[in-house]
Amino acid sequence: MSMQAKTKTTNSASPWSWWKQWWNQQSPVRQDRFANLAPLAAVALFLAAIMISFWYLRNEEIRREEESIKRDVEYAQQRIRLRMLERQEQLTQLANNLSANSIATAQFKDKTQQLIDLYPELLSLTWIDANRRIMASQNTYSFMPSTIYLPGSSLDISEIDNHFSLVQEFQQPIYAMVRTRPNLQNSRPTLQLLTPIIDKKKRFHGVVLTEYALDSLLRNSVPPDILTSYAVSFQDEHRRILAGQSIPEREDLAEQLPFISRRPHSQSVTVPPVGNSLVLQMQVWRTSQGLIGSALFWLVGALSVMTSWMLIGNWRHTRRRLQAQNALMAETNFRRAMENSMLTGMRALDLKGRITYVNPAFCQMTGWSEAELVNAVAPFPYWPEEDIEQLTKRLEEEISGKHTAGGFQVRVKRKDGSRFDARMYVSPLIDPSGRQTGWMTSMTDITEPNRIRDQLAGSYERFTIVLEALDASVSVTPLGSKELLFANKLYRQWFGADSSGHLRLVAQAGAYENTVTGADDADDMAGLPSDELTSAQSGNSEIYVAELDKWLEVRSRYINWADGRLAQMVIATDITQRRRAEALAAQQADRAQTASRLITMGEMASSVAHELNQPLAAISNYCNGMISRIKRQQIEEKDLLGALEKTAHQAQRAGQVIHRIRSFVKRSEPNRSISDVGHIVSEALELAEIELRRRNVRLSHYIAARLPSLNVDPILIEQVLINLMKNSAEAIDNAQRTPDKRHVELRVVPRQVGEQQVIEFSVTDTGKGLPPEAIDKVYEAFFSTKAEGMGIGLNLCRSIVESHQGRIEAQNLYNAGEITGCRFSFWLPVPGTH
């Protein structure tokens, strides 16, 4: 037991022992500071205790008042609700009697008069039939209602009429706040109850309209003890008083303080049968003097102020004693912190050149300690051996006062032997009496800035070498000026050392270049791109420069020059060889197309000869017949004219065949124009039918109606169609199909590819098709599936189609896994649908 008691005593004394130990560890200055803060802490605790006490008592009082007013207003609300529901049940019973025709008009008045006499809150009861015609009305004698409803008249108030429609639709009683005199500015809304008259078959026969006197309803429903304790009133949804009395809102001085809770002056609830349009408000009558009028409050407040003043006076007296000591310590700490935090090395010399002071940054830069540097004389330990003579002269100039404001650059040796570049600034050291006692020198390490400057110089040199070696001309001029900011070697070779070549390139390429034309210009920058100029897209154009005999690709963009000016950079690349190669390729392609047409006609020579032989044989027969009959003098003039006409027709037929062949094989310049699709197809069919008839192949075609025109070279498109149809005829001939299967079909229909309208041409044959491995190779140059083929026909077809921004494709046709033919199709875009 004694050990437990001892342990308990030790634990209870441990907090005080810890506090005493902590207090003894503090410095005398901090102990004095804590002692001086004790009076302020006592004042704060005293005032906090007083305020918390008042706050707690006041919150308790407010809570009790809130509970009381909430309980009373709910009780009053329930009383009003029950009274209105009782009246509603009685009126519903009256409406049921009216629907059963068990009450006449006189009886209605008697019963309603009894209700009005028994219940003062009822002002009037009106019977209205389904046609909105007033059948009967009974009003109180002591108070006139807002509107007199005359029997036989119609309901003419819009608000009541709307509620009448709602009752008729839902067949339920409806409460409404209605302004029955809208022409009067100060008229108040009236509480009305519309009770539907419905028979057992749910047929609507009208309503019983009841008007309530809100003052009487309030007096007869709310208990008298509540009316005497509170200001009770009925209000509408806009908080306008309809009945009863209200107290204007006011606040006492104590309740305006942010830390003091406000009194519950009022409580509002809605009346359930009516809804939000009728609000019951109860306000507390002010009976107490409040916090400010309490004598206890003033007494406690005066004692608190006196106690606080005494404690604060004691605190101010002890505080002044430490102000001088604290100021001195703060100044010392501030200066020491400045010295320790500076990144610039500081060194002080006396008038004889001996070091009297160095800051930590100086020691950190050189690697020498303060003890090793203070009182040192020249040569100093941080001087490099190879620069001692130069630095000695610099020190003599420094001591004699010959120094520059911009400082000077020196090399400094660290204690480990490494070197770094530094810049030193020298200024006189003046004491408080204005007398010079030495020199103060600041030193900054500039090794990194020097390295960056050297790197920038090297980068500039390399960049200049690259630009000079470019095979493109590069030039930069500021907007609105003819000054040439930069030009590389190739530009100087082409245009010289001025900006005339730059301006000529810009003008010929159509790029923007602002030139100053006069003082009346509205805006020199008009027309520039609206986004950031350095991110604006560059413009490309190809121009021909006559004096250089070169084609140049010119690219320009806007940049911000080094001095901030807006400039235009132009890069001109020599593309003469490329343009010549493109022209040569175009010539070769044209020759290849012409050669292909000649080859096609050569392959169709026997068919053309057969086609020409028929009209020529007919001409020969007609001529021989006319000669023999003329010799025998057995021909009349009419027969002779007929024979001559037939001979001319056959000659014209042969001439048309020759003309078509000549137009097809004739070499001409590419000529794209708006061409009719039907005309192109008909020209190709006339030539292709010659070959197909020779091979005994039937040709059918379908051209969709109202096809749009195409912007194409018609001869080239005819060449593609003839080539495809000729290949189809050859494939059928090689497949040795029976006569009923020797058929080629040409279809021309419109189609949608992506978002553009196209015209699709398709040629379908009944041959053996293409080998599956050759479908992707048939368009390659010199690849052919025919033993005697040259492999350039389909390659040229694809080139022609793709040059017209179209596509060509081939696919085999299958029937039960067997290839029954092949289909070549290509499409060309309709102009204006991209």
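Residues numbered from 1 in each chain as written. Predicted model: local features only at pLDDT ≥ 70, side-chain atom pairs only at ≥ 80, totals over all residues. Heavy atoms only, no water.

## Things to note about the overall build of the chain
Logical step 1: When its secondary structure is counted, the chain shows 19 helices and 26 strands.
Logical step 2: For the chain, the proportion of its 834 residues judged to be buried stands at 38%.
Logical step 3: Expressed as a percentage of contacts within the chain between residues at least 6 apart in sequence, the contacts between residues at least 24 apart total 58%.
Logical step 4: Per element, the accessible surface of the chain, about 48900 Å² overall, is 54% carbon and sulfur. (Helix = DSSP H or I, 4+ residues; strand = E, 2+ residues; numbered from the N terminus. Buried < 20%, exposed > 50% of the residue type's maximum accessible area, 1.4 Å probe, protein only. Contact = heavy atoms within 4.5 Å. Areas by Shrake-Rupley, 256 points an atom, 1.4 Å probe, with all protein chains shown as cover.)

## Structural notes on the pairing of strand 25 (residues 807-815)
Logical step 1: Examined bridge by bridge, strand 25 and strand 26 (residues 818-829) share nine bridges and lie antiparallel to one another. Bridge pairing in strand 26 places Asn812 opposite Cys822.
Logical step 2: Counting the residues between successive antiparallel strands, the hairpin from strand 25 to strand 26 contains two residues, one of them, Ala816, with a positive phi of roughly 60°. (Pairing = 2+ DSSP bridges.)

## Describing the sheet that holds strand 10 (residues 345-350)
Sheet strands associate in pairs through backbone hydrogen bonding, adopting either a parallel or an antiparallel arrangement.
Logical step 1: Read across the open sheet, the five strands follow the order 11-10-14-13-12; overall the sheet is antiparallel. Strands with a single pairing partner mark the edges of an open sheet, and in this sheet they are strand 11 (355-358) and strand 12 (408-413). With strand direction ignored, the average angle separating the axes of adjacent strands in the sheet is 35°.
Logical step 2: The sheet strands contacting helix 10 (residues 388-399) are strand 10, strand 12, strand 13 (419-430) and strand 14 (436-445), and the helix crosses strand 12 at an angle near 130°.
Logical step 3: Running over the sheet, helix 11 (residues 447-469) touches strand 12, strand 13 and strand 14 and is turned about 125° from strand 13. (Axes fitted to C-alpha atoms, helices over the stretch in contact; angles between N-to-C directions.)

## Concerning the pattern of salt bridges
Logical step 1: Counted under the stated rule, the structure contains 33 salt bridges.
Logical step 2: A salt bridge links Lys413 to Glu385, with the nearest nitrogen and oxygen atoms 2.8 Å apart. With Lys413 in strand 12 and Glu385 in the loop between helix 9 (370-373) and helix 10, the pair connects residues that are 28 residues apart, well separated along the chain.
Logical step 3: Among the residues examined, Lys413 registers a relative accessible area of 13% and is labelled buried.
Logical step 4: Of the charged contacts, one joins Glu730 and Arg695 as a salt bridge, the two residues approaching to 3.9 Å between their closest N and O atoms. (Salt bridge = Lys/Arg side-chain N within 4 Å of Asp/Glu carboxyl O.)

## What about the sheet that holds strand 5 (residues 204-212)?
Logical step 1: With antiparallel pairing, five strands are arranged side by side in an open sheet as 2-1-5-4-3. The open sheet has two free edges, formed respectively by strand 2 (134-139) and strand 3 (174-178), since each of these has just one partner strand. Each strand axis lies, on average, 20° off the axis of its neighbour in the sheet, ignoring direction.
Logical step 2: Judged from the five bridges that link them, strand 3 and strand 4 (residues 190-198) form a sheet pairing that is antiparallel. If you follow Val178 over to strand 4, its bridge partner there is Thr190.

## Re unusual backbone geometry
Leaving glycine out, the prevailing phi sign among residues is negative, and the prevailing peptide bond configuration is trans.
Logical step 1: Cis geometry is adopted by the peptide bond preceding Pro379, which originates at Ala378 and carries an omega value of -5°.
Logical step 2: Relative to the helices and strands, Pro379 resides in the loop between helix 9 and helix 10.
Logical step 3: A positive phi is found at Gln171, a non-glycine position, where the angle reads about 55°.
Logical step 4: Residue classification places Gln171 among the partly exposed positions, given a relative accessible area of 25%.

## Quick look at the packing of helix 18 (residues 714-735) against helix 19 (residues 793-803)
Logical step 1: Packing of helix 18 against helix 19 leaves a shortest axis separation of 10 Å and a crossing angle of 145°. The handedness of the crossing between helix 18 and helix 19 comes out as left-handed. Contacts between helix 18 and helix 19 pair Leu716, Ile717, Gln719, Val720, Asn723, Leu724 and Asn727 from the former with Gly793, Leu794, Leu796, Cys797, Ile800 and Val801 from the latter. (Left-handed = near helix turned anticlockwise from the far one by under 90°.)

## Considering the packing of helix 17 (residues 677-694) against helix 18
For any two helices packed against each other, the geometry comes down to the angle between their axes and how far apart the axes lie.
Logical step 1: It is at 9 Å that the axes of helix 17 and helix 18 come closest, and there the two elements cross at 30°. Taken together, helix 17 and helix 18 sit at an angle that is classed as roughly parallel. Remark: the crossing between helix 17 and helix 18 carries right-handed chirality. Contacts from Ile680, Val681, Glu683, Ala684, Leu685, Leu687, Ala688, Glu691 and Leu692 in helix 17 reach Pro714, Ile717, Glu718, Leu721, Ile722, Met725, Lys726 and Ala729 in helix 18.
Logical step 2: The residue inventory of the contact of helix 17 with helix 18, partitioned by class, reads 13 nonpolar, no polar and four charged. (Parallel < 35°, antiparallel > 145°, perpendicular 65-115°, else oblique. Nonpolar A, V, L, I, M, F, W, Y, C, P; charged D, E, K, R; others polar.)

## A short note on the confidence of the model for the chain
Logical step 1: Residues with a pLDDT of 70 or more make up 77% of the chain, whose mean pLDDT is 78.
Logical step 2: Averaged pLDDT values over the elements of the chain bottom out at 57 in helix 1 (residues 2-25) and peak at 93 in strand 24 (residues 756-765).
Logical step 3: Within the model, the stretch residues 5-12 combines pLDDT values under 50 with zero contacts to residues more than four positions away or in other chains.
Logical step 4: The low-confidence segment residues 513-528 (pLDDT under 50) makes 27 contacts with residues lying over four places distant or belonging to another chain. (pLDDT = per-residue confidence, 0-100.)

## A word on the nonpolar core
Logical step 1: Judged by nonpolar contacts, the single largest core of 42 residues is most densely connected at Leu721, Phe761 and Phe826.
Logical step 2: Within the residue set of this core, elements represented by two or more residues are helix 17, strand 22 (710-712), helix 18, strand 23 (743-753), strand 24, helix 19, strand 25 and strand 26.
Logical step 3: For this core, the element with the highest residue contribution is helix 18, accounting for nine residues. (Core = buried A, V, L, I, M, F, W, Y, C linked by side-chain atoms within 4.5 Å.)

## Digging into the packing of aromatic side chains
Logical step 1: Enumeration according to the criterion identifies nine aromatic pairs in this entry.
Logical step 2: Ring geometry for Phe108 against Trp127: centres 5.8 Å apart, planes inclined by 45°, an arrangement best described as tilted. Placement of Phe108 in helix 3 (residues 105-118) and of Trp127 in strand 1 (residues 122-129) is noted, with a sequence separation of 19 residues between them. Accessibility classification places Phe108 together with Trp127 in one group, the buried group.
Logical step 3: Aromatic pair Phe164 and Phe204: ring centres 5.7 Å apart, planes at 80°, arrangement edge-to-face. Of the two residues, Phe164 is situated in helix 4 (residues 158-170) and Phe204 in strand 5; the sequence distance between them amounts to 40 residues. Per residue, the accessibility class of Phe164 equals that of Phe204, and both read buried.
Logical step 4: Chaining the aromatic ring pairs together yields one cluster made of Phe362, Phe380, Tyr382 and Trp383.
Logical step 5: In this arrangement the basic side chain of Arg394 is found over the ring face of Phe408, its NZ or CZ atom lying 4.4 Å from the centre. (Phe/Tyr/Trp six-rings, centres within 6.5 Å; stacked < 30°, edge-to-face > 60°. Lys NZ or Arg CZ within 6 Å of the ring centre and 35° of its normal.)

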